[in-house]
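# Breakdown of the fold
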Amino acid sequence: MKTWLVTGGAGFIGGNFVLDAVSRGVRIVNLDALTYAGNLDTLASLDGDPRHVFVQGDIGDRALVSSLLEIHRPDAIVNFAAESHVDRSIDGPAAFVHTNVVGTLSLLEAARDYWRGLEPAAKDAFRFLHVSTDEVYGSLGDTGKFTEQTPYAPNSPYSASKAASDHLVRAFHHTYGLPVLTT
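Computed from a prediction, not measured in an experiment: that's the story for all the values here. (Residues numbered from 1 in each chain as written. Predicted model: local features only at pLDDT ≥ 70, side-chain atom pairs only at ≥ 80, totals over all residues. Heavy atoms only, no water.)

For the protein, the count of helices and strands is 6 helices and 6 strands. Counting from the amino terminus, the protein carries its helices and strands in the arrangement β-α-β-β-α-β-α-α-α-β-α-β. Taking the principal axes of its C-alpha atoms as reference, the protein extends roughly 45 × 40 × 30 Å. Taking all 183 residues of the protein together, the buried fraction comes to 42%. Taking contacts inside the protein between residues at least 6 apart in sequence as the whole, the part at least 24 apart equals 68%. (Helix = DSSP H or I, 4+ residues; strand = E, 2+ residues; numbered from the N terminus. Buried < 20%, exposed > 50% of the residue type's maximum accessible area, 1.4 Å probe, protein only. Contact = heavy atoms within 4.5 Å.)

And the structure:
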């Protein structure tokens, strides 16, 4: 059975992802800080299900993340964890930098160290999936769409912090070879 570490798995999108993954036979280790956006009610149908392990914690807690990787030996990490909402970032940008930039960096460092220690076949199959936002591209403009060629143009502390995390993920691939995907 595949095992994935999902961060932010009690949020709206992450929670629905977790429900779908478990229904498909994936064992999920779900790490969520349960801030304003986390809601365990979404995951109530998984209470007592051994395919779902919930851990309340922060992606910036390197010791916690490293221990979860060592204990559960996931095949992938799916990073939904983020401070979100443009208005909240205008009122308090520091929390966004803490979670979205510093937290993502800590998660990437733990993932890199874990990945380096895997056996060759597991190392080849491992993936780090980072979930971004269209906000990193700025305002839609006249065309009403973004493409793969759209340049980054973050316009709020939220979008700037997510753009920074995207760039860190990209850098960890190019610098260390960590197999990453950003969506």
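Let us look at the packing of aromatic side chains. For the structure shown, the criterion picks out 7 aromatic pairs. Look at Phe-17 and Phe-80: their rings are 5.1 Å apart centre to centre, the planes differ by 55°, and that puts the pair in the tilted class. With Phe-17 in helix H1 (residues 12–23) and Phe-80 in the loop between strand S4 (76–79) and helix H3 (86–91), this residue pair connects regions lying 63 residues apart in the sequence. Using a relative accessible area of 17% as the deciding quantity, one classes Phe-80 as buried. Measuring from centroid to centroid gives 6.2 Å for Phe-96 and Tyr-158, while their planes differ by 75°, and the two rings are edge-to-face. One end of the pair, Phe-96, is in helix H4 (residues 93–116); the other, Tyr-158, is in helix H6 (residues 157–176), and 62 residues separate them in sequence. You'll find Phe-96 and Tyr-158 in the same group, each marked buried. Here a set of aromatic residues connected by ring pairs shows up, and it is made of Trp-4, Phe-17 and Phe-80. The side chain of Arg-112 reaches across the aromatic face of Tyr-176, ending 4.7 Å from its centre. Sitting over the ring of Trp-115, Lys-123 keeps its end group 4.7 Å from the ring centre. (Phe/Tyr/Trp six-rings, centres within 6.5 Å; stacked < 30°, edge-to-face > 60°. Lys NZ or Arg CZ within 6 Å of the ring centre and 35° of its normal.)

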